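# Commentary on secondary and tertiary structure
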Amino acid sequence: MFDMAGQEEYLPSHTFSFGHPHSVYLLVVDLSVSEEERDDRAKHWLSSISSCHDFQKQGRPPVILVASHADLDPVQCGLSQNGLKTNGSAARLLHKLEADFGEQFNFIGDAIVMDCRETRSKEIKHLKKVLVTILEEVLPTVPDQPGACELIRSFLPRMTYLTRGQILDWPNFLRLVSQQIYDDNLMTTLPPQQERVLKEVIGSLQESGEIIQFETGEKVYVVLDMEWMFSLVNGRIFCPLHMTGTRPRLNYDDNGRTSVENFRRVFQDTGEEDLLLELFQNLKIFIRFGEQHIIIPSLMKTNPPADCWVPDESSALVYFGLCMKCCECVGFSPSFFPRLQIRLYNMWLLNYGVEIQMWQGGFKLMQIFPGTKRAVEGVVVLAEDSFDTHIIVRSHRDDACAALALREVVAQQIYEVAGAVSPGSQIDRQVLANASIRQFSVED
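Residues numbered from 1 in each chain as written. Predicted model: local features only at pLDDT ≥ 70, side-chain atom pairs only at ≥ 80, totals over all residues. Heavy atoms only, no water.

## Some words on the overall build of the protein chain
- Counting secondary structure elements, the protein chain contains 14 helices and 18 strands.
- When each of the 444 residues of the protein chain is scored for burial, the buried share is 46%.
- In the protein chain, the proportion of contacts linking residues at least 24 apart, taken out of those at least 6 apart, comes to 66%.
- Total accessible area on the protein chain stands at roughly 23500 Å², and carbon and sulfur atoms take up 50% of it. (Helix = DSSP H or I, 4+ residues; strand = E, 2+ residues; numbered from the N terminus. Buried < 20%, exposed > 50% of the residue type's maximum accessible area, 1.4 Å probe, protein only. Contact = heavy atoms within 4.5 Å. Areas by Shrake-Rupley, 256 points an atom, 1.4 Å probe, with all protein chains shown as cover.)

If you want it as structure tokens, here you go:
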């Protein structure tokens, strides 16, 4: 069972736990917050799960809605015929979620309403009963894991102790496994047939979230301890500054940017800093650009720079705008916009030698014409609901062709990035009215 911190700082690490076959999700909402905030949080969680789940192969995963803090929402509370607590706010939320996400998720029963002052309640017993029922239904559909799975699980703590590390390359992993199986310190390889079985075992353990296997170059590595990795990610990268105490922590600027040198310094005590650099990049915790820099998209500042885009209705300027609308029911994937930002960041740095301005959910591009005071500038903003990405460009009338070209470059990148993170997703392209985009503000 994975119990994830819900604070915003930790959101990027949640995807490690999503998308495993035969998962059951308990979606816990807080009845003490406003209805709008509660709805937004619930939809965020389900959207994040959707972006990691292969519905075609894995079907609709079960979701149980659990509403906590019912004691702080007494007006909406009541009792069902079987004596369980009910709550009007929770029932309305479940109805909304079923309408928006019913094609992706199998919502089980009514919302289970909890009073935080009670630890041994009818509702807790009912939740356990629901989980047992789901387990009984799911287990017959779960393929039998190779018999060696339990054996490898028992080896992992000892292997971690023997290696004094948490990450092993594949040859050393095989060597240690063979030594454990045969209790023979001289054995360095497994017979080919047994190596194939071991690969199946690791695949099963990875699917169940107990181990991570990743590649860098032509080498394959295995992370032996998931808890160790979670503590590093959450404690040294995403943990709020006031909670870190004396522990090393990654420093970054307003653009979520830090240096590779800083990363190595923070993680040098693990002895695995170079492999962690590859692992975290592989897991999309951050994105590498250039040789010496890293950007952590989730740690970018949330507001655009002051005066980043001031509306200007001068008749000397022409505006062009597009709305790129994702037709999937959950909108663009959470990883879509950060990848778009980094792709265009690298493109601008390579082609024009300038950095683009970035913030969470938006960025600004500029093309300056040498020898003149004129430029083409554009902003790209992701709507709060993650369904629309707006492209707005403007320039002097004489540079209208360059402005249109810039708009098309960005649109093409949106198609490519969306196709890479969500293959088969459909995007509709809509031209925006000139009058509305002249008054467009990134702060709205």
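Okay, back to it.
## Focus on the nonpolar core
- Phe336, Leu340, Phe363, Leu365 and Ile391 are the most contacted members of the largest nonpolar core, which has 36 residues in total.
- Residue assignment for this core shows that the elements contributing at least two residues are β11 (287–289), β12 (293–300), β13 (317–326), α12 (336–352), β15 (362–368), β16 (375–382), β17 (388–396) and α13 (400–421).
- The leading source of residues in this core is α13, at nine residues.
- Apart from residues no more than four positions distant in its own chain, Ile391 is found in contact with Phe320, Gly321, Leu322, Met324, Val379, Val380, Arg407, Val410, Ala411 and Ile414. (Core = buried A, V, L, I, M, F, W, Y, C linked by side-chain atoms within 4.5 Å.)

## Here we look at the sheet that holds β17
- With respect to topology, six strands assemble into an open sheet ordered β14-β15-β16-β17-β13-β18, the strand pairing being antiparallel. Sheet topology places β14 (357–359) and β18 (427–431) at the edges, where each strand pairs with a single neighbour. Averaged over neighbouring strand pairs, the angle between their axes works out to 15° when direction is ignored.
- Relative to β18, β13 runs antiparallel, the two sharing five bridges. (Pairing = 2+ DSSP bridges. Axes fitted to C-alpha atoms, helices over the stretch in contact; angles between N-to-C directions.)

## Some words on the confidence of the model for the protein chain
- In the predicted model, the protein chain carries a mean pLDDT of 80, and the fraction of residues at 70 or more is 85%.
- Ranking the elements of the protein chain by mean pLDDT puts helix α1 (residues 11–14) last with 66 and β17 first with 93. (pLDDT = per-residue confidence, 0-100.)

## Structural notes on the packing of aromatic side chains
- What the rule picks out here adds up to 13 aromatic pairs.
- An angle of 40° between the planes, with centres 5.7 Å apart, marks the rings of Phe337 and Phe363 as tilted. Taken together, the residues Phe337 in helix α12 and Phe363 in strand β15 connect sequence positions 26 residues apart.
- Phe337 gets classed as buried once you look at its relative accessible area, which sits at 4%.
- Look at Phe363 and you get buried, because its relative accessible area is 0%.
- Cluster of aromatic residues (ring-pair linked, three or more members): Phe263, Phe267, Phe280 and Phe286.
- Above the ring of Trp309, the side-chain terminus of Arg394 is found at 3.8 Å from the ring centroid. (Phe/Tyr/Trp six-rings, centres within 6.5 Å; stacked < 30°, edge-to-face > 60°. Lys NZ or Arg CZ within 6 Å of the ring centre and 35° of its normal.)

## Structural notes on the packing of α12 against α13
- Where α12 meets α13, the closest approach of the two axes is 10 Å, and the angle between their N-to-C directions is 135°. Here α12 lies oblique to α13, going by the angle between them. Crossing angle aside, the handedness with which α12 passes α13 is right-handed. Only Leu406, Val409, Val410, Gln413, Ile414, Glu416, Val417, Ala418 and Val421 of α13 make contact with α12, whose side of the interface consists of Phe336, Arg339, Leu340, Arg343, Leu344, Met347 and Trp348.
- For the contact of α12 with α13, the per-class residue count stands at twelve nonpolar, one polar and three charged. (Parallel < 35°, antiparallel > 145°, perpendicular 65-115°, else oblique. Left-handed = near helix turned anticlockwise from the far one by under 90°. Nonpolar A, V, L, I, M, F, W, Y, C, P; charged D, E, K, R; others polar.)

## Focus on the sheet that holds strand β10 (residues 255–259)
- In space, the three strands of this open sheet follow the order β10-β12-β11, with antiparallel pairing throughout. At either margin of the open sheet sits one strand with a lone partner, and together these are β10 and β11. Strand after strand, the sheet turns through a mean of 35° between neighbouring axes, direction not considered.
- Pairing analysis gives four bridges linking β10 to β12, with the strands arranged antiparallel. Bridging across to β12, Arg257 finds its partner in Ile295.
- Those strands touched by helix α10 (residues 260–267) are β10, β11 and β12, and its axis lies near 75° from that of β10.
- Along the sheet, α12 contacts β10, β11 and β12; its crossing angle with β11, the most-contacted strand, is approximately 5°.

## Considering the pattern of salt bridges
- Under the defined criterion, the tally for this structure stands at 16 salt bridges.
- The closest approach of N and O atoms between Lys96 and Glu35, which form a salt bridge, is 3.1 Å. Pair noted here: Lys96 is in helix α4 (residues 88–101) and Glu35 is in helix α2 (residues 35–52), with a separation of 61 residues, a long-range link.
- With relative accessibility at 33%, the residue Glu35 sits in the partly exposed group.
- One salt bridge connects Glu37 with Arg41, and the closest N-O pair in it is separated by 2.3 Å. With Glu37 and Arg41 both in helix α2 and four residues apart, this pair spans about one turn of that helix.
- It is possible to trace a salt-bridge network through shared partners that takes in Glu35, Asp39, Arg92 and Lys96. (Salt bridge = Lys/Arg side-chain N within 4 Å of Asp/Glu carboxyl O.)

## Some thoughts on α12
- With 17 residues, α12 extends 24 Å between its outermost C-alpha atoms, agreeing within 8% with the 24 Å of an ideal straight helix rising 1.5 Å per residue.
- Buried within α12 we find Phe336, Phe337, Pro338, Leu340, Gln341, Ile342, Leu344, Tyr345 and Trp348.
- Looking one or two residues past α12, Gly353 carries a phi angle of roughly 70°, positive in sign. (Expected span 1.5 Å × (residues − 1).)

## Details of the packing of α10 against helix α11 (residues 273–282)
- Where α10 meets α11, the closest approach of the two axes is 9 Å, and the angle between their N-to-C directions is 120°. Considered as vectors, α10 and α11 are oriented oblique to each other. When the axes of α10 and α11 are compared, the crossing they make is right-handed. On α11, the residues that touch Val260, Phe263, Arg264 and Phe267 of α10 are Glu273, Asp274, Leu276, Leu277 and Phe280.
- When its residues are assigned to classes, the contact of α10 with α11 shows six nonpolar, no polar and three charged.

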